[in-house]
Amino acid sequence: MSLHTVMMKNKPVAEVLNWFQQANPLLNWSASCPSFMHSVPNTTIEAQSEDTEVVIALGSNIGDRISNFNKALRSLKESGIDITRHGCLYETEPAYVTDQPHFLNSAVRGVTKLGPHELLRVLKRIEKEMGRTDGIRYGPRLIDLDILFYGKHTVYSDDLTVPHERIWERPFVLAPLIDLLGSSIETDTVASWNSFSKLPGGLLEAWEKVGGESLIGKDGMRRVLPVGNSLWDWSKRTAVMGVLNLTPDSFSDGGKYHTVDNAVAHVHQMISDGVDIIDLGAQSTRPMATRISVEEELERLIPVLEASKDIAASEGKLLSVDTFYAKVAGEAVCKGAHIVNDVSAGTLDPEMLSAVAGLDVPYIVMHMRGDPATMQSADNLQYHDNVCGQVASELNLRIRDAESAGIPAWRVIVDPGIGFSKNTEQNLDILVGLGRIRDELAKESLAASRSPLLIGPSRKRFLGTICDRPNAVDRDPATVACVTAGILGGANIVRVHNVRHNVDAVKLCDAMRKRISL
């Protein structure tokens, strides 16, 4: 019986692990016989000819911690470690030696031909080249790189212990480690990692034993997204993203903010109304929209962006650029944008993912099939019975592509794409099924399921259909209702045209969620 067959039958983790142990007797849970290497470093395991999957933990609490992570990831790639998945990012209180700054922690999953001790030497070299020096044990670290898992193997030598000996007692290690997995065990290697925990429920049970999700959001451990010069904990309150269309043909307010003066006036108004993020778009993505060139989009966008960035900065607001062109994204970030919002999730410009990877900014991955001109075609509206499941599955593919291109999961924001490649009933299914989308994302990637979730129902056509409001500007009350349902269903960011009314809805929903959590 194959592991694939077991997984297809949706067996519990404990049953999968029991099968795996019977099929792989050398991987015994017992500490008396756990190793393929023991203390002999120069065995055949060092002569790797095939890729081995590894997990590496990252930590930093000195200097620019995010920059340290970015440098370490680039060095890992240059040293022969192909990173395939990233955990979420955690800011944590220091353990053991408590009189030091807070740490950032995460973990990555990748493949390499390096043997375990050769990999260890590479990690130590990267640490040294980045400026790490010897210090007190568990003390401050510019960068800390540890091997958590090396394929299916256990390693015990004078220099290296794998699995890392303190995994099971450290929430700041287990949290990002769990993020690298799905709620299903997809390979023999992942089954072996679970077996190392010596628990029937594997790594998920180990995480629950130290506190699990109840630890997140407390002062000692925050799940965060790096944006601008700060770390955003999206669990604290819902963010409002205000729409600023710089197009003559957008479905709701096309042409209204086509001049710089009018656009800047609207920026001031949105800030006064309580916006958190201003999303500038110079390319219409309404159904059947005609695509404009990179040059025309930049001509519309850059003057307004340059005129708005100082205003936004002085008020502590963020700027997002709504584009599917790599060159536009790059220019916008250079001119002050903090976030790239891509309705195509990298499918309309082959350079987009690699460009965003080099920008080191958050990336909104939205679900859409085709492009704005074809997204509402009969073929693109075809879903099987489970709309939420298919949307999540397709989003997982886009997120996996983004990670492979070098965009860490800790920079990803997920948007299920209300109004894009969906009819009225499918939009409603998405709106009431946000929790189901997270659950479906989790089957492949717990990190993706824990990303900030954005919804953009504002003034969409399905609201007009349901409420008999043919004019988009008359759909604001329906938008408030959608936003309310979305936030109570788990949305973290709402993208809206009418900031003032929706800010009030957000405040009320956040107050209700706070009461529910007490």
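Keep in mind it's a predicted model, so treat the numbers as computed, not measured.

Caption draft 1: Expanded view of the overall build of the chain. Tallying secondary structure elements over the chain gives 18 helices and 17 strands in all. Split into buried and exposed, the 518 residues of the chain put 58% on the buried side. In the chain, once contacts between residues fewer than 6 apart in sequence are set aside, the share between residues at least 24 apart is 71%. Of the roughly 21800 Å² of accessible surface on the chain, a fraction of 50% belongs to carbon and sulfur atoms.

Caption draft 2: Seen up close, empty space enclosed by the protein. All told, the structure shown has three cavities of 30 Å³ or more when counted by the stated rule. If you go around the second largest cavity, the residues you meet are Cys88, Val224, Leu225, Trp234, Ala409, Trp410, Val412, Ala447, Ser451 and Pro452. Residue composition of the lining of the second largest cavity, grouped by class: nine nonpolar, one polar and no charged.

Caption draft 3: Seen up close, the packing of aromatic side chains. Applying the stated criterion to the full structure yields five aromatic pairs. With 5.8 Å between their ring centres and 35° between their planes, Phe149 and Phe196 make a pair best called tilted. Of this pair, Phe149 sits in strand S5 (residues 144–150) while Phe196 is found in the loop between helix H6 (188–195) and helix H7 (202–209), placing the two residues 47 residues apart along the sequence. Phe196 carries the same exposure label as Phe149, and that label is buried.

Caption draft 4: Main features of helix H9 (residues 294–314). An ideal rise of 1.5 Å per residue puts 30 Å on 21 residues; H9 measures up with 29 Å between its terminal C-alpha atoms. When H9 is considered as a whole, its buried residues turn out to be Val294, Glu297, Leu298, Arg300, Leu301, Ile302, Val304, Leu305, Ser308, Ile311 and Ala312. Packed against the buried residues of H9 are strand S10 (239–245), helix H8 (260–273), strand S11 (277–281), strand S12 (318–322) and helix H10 (326–334). Phi turns positive one or two residues past the end of H9, at Gly316, with a value near 70°.

Caption draft 5: How the structure looks around the layout of surface pockets. Looking at the largest pocket, its volume works out to about 940 Å³. Together, 42 residues line the largest pocket, and Arg132, Arg141, Asp144, Asp146 and His164 are the ones closest to its centre. Of all the secondary structure elements, the ones that give two or more residues to the lining of the largest pocket are strand S1 (52–60), strand S4 (103–112), helix H4 (116–129), S5 and helix H5 (171–179). Considered class by class, the residues forming the lining of the largest pocket number 16 nonpolar, 11 polar and 15 charged.

Caption draft 6: Up close: the packing of H8 against H9. The geometry of H8 relative to H9 is characterised by a closest axis approach of 9 Å and an angle of 30° between their N-to-C directions. With respect to their mutual orientation, H8 and H9 come out roughly parallel. Where H8 crosses over H9, the two elements pack in a sense that is right-handed. Counting all contacts with H8, which are made through Val260, Ala263, Val264, Val267, His268 and Ile271, the residues of H9 involved are Pro303, Val304, Ala307, Ser308, Ile311 and Ala312. Grouping the amino acids of the contact of H8 with H9 by side-chain chemistry returns 10 nonpolar, two polar and no charged.

Caption draft 7: Structural detail: the side chain of Asn498. For Asn498, the position within the fold is in the loop between strand S17 (493–496) and helix H18 (499–517). Overall, Asn498 belongs to the buried group, its relative accessible area being 16%. A polar side-chain atom of Asn498 sits 3.4 Å from the main-chain amide nitrogen of Arg500. In this view, Asn498 contacts Arg459 and Asp476; residues no more than four positions away in its chain are not counted.

Caption draft 8: Structural context of the pairing of S5. Burial analysis of S5 places six of its seven residues in the buried class, which makes it a mostly covered element. Where S1 meets S5, six bridges bridge the pair, whose relative direction is antiparallel. The residue of S5 that forms the bridge with Val54 is Tyr150.

Caption draft 9: Inspection of the sheet that holds S17 at higher detail. Read across the sheet, eight strands follow the order S15-S14-S13-S12-S11-S10-S17-S16 without closing on themselves; strand pairing throughout is parallel. Either end of the sheet is taken by a strand with one partner, and the two such strands are strand S15 (412–415) and strand S16 (454–455). Judged from the four bridges that link them, S10 and S17 form a sheet pairing that is parallel. Residue pairing across strands places Val240 opposite Val494, the latter belonging to S17. Contacting S16 and S17, helix H17 (residues 476–488) crosses the sheet at an angle of about 170° to S17.

Caption draft 10: Just the packing of H17 against H18, in detail. With their axes 9 Å apart at the nearest point, H17 and H18 run at an angle of 25° to one another. Between H17 and H18, the interaxial angle falls into the category roughly parallel. Judged by the twist between their axes, the crossing of H17 over H18 is right-handed. Touching Thr479, Val480, Val483, Thr484, Ile487 and Leu488 of H17 are His501, Asn502, Ala505, Val506, Cys509, Asp510, Met512 and Arg513, all from H18. Taken together, the residues of the contact of H17 with H18 sort by class into eight nonpolar, four polar and two charged.

Definitions and limits used
Residues numbered from 1 in each chain as written. Predicted model: local features only at pLDDT ≥ 70, side-chain atom pairs only at ≥ 80, totals over all residues. Heavy atoms only, no water. Helix = DSSP H or I, 4+ residues; strand = E, 2+ residues; numbered from the N terminus. Buried < 20%, exposed > 50% of the residue type's maximum accessible area, 1.4 Å probe, protein only. Contact = heavy atoms within 4.5 Å. Areas by Shrake-Rupley, 256 points an atom, 1.4 Å probe, with all protein chains shown as cover. 1 Å grid on protein atoms, 1.4 Å probe; cavity = no way out; pocket = protein on both sides within 12 Å on 5 of 7 lines; lining within 4 Å. Points joined across faces, edges and corners; volume = space filled by probe spheres on them. Nonpolar A, V, L, I, M, F, W, Y, C, P; charged D, E, K, R; others polar. Phe/Tyr/Trp six-rings, centres within 6.5 Å; stacked < 30°, edge-to-face > 60°. Expected span 1.5 Å × (residues − 1). Axes fitted to C-alpha atoms, helices over the stretch in contact; angles between N-to-C directions. Parallel < 35°, antiparallel > 145°, perpendicular 65-115°, else oblique. Left-handed = near helix turned anticlockwise from the far one by under 90°. Polar contact = N/O pair within 3.5 Å; in protein donor to acceptor, adjacent residues only side chain to side chain. Pairing = 2+ DSSP bridges.

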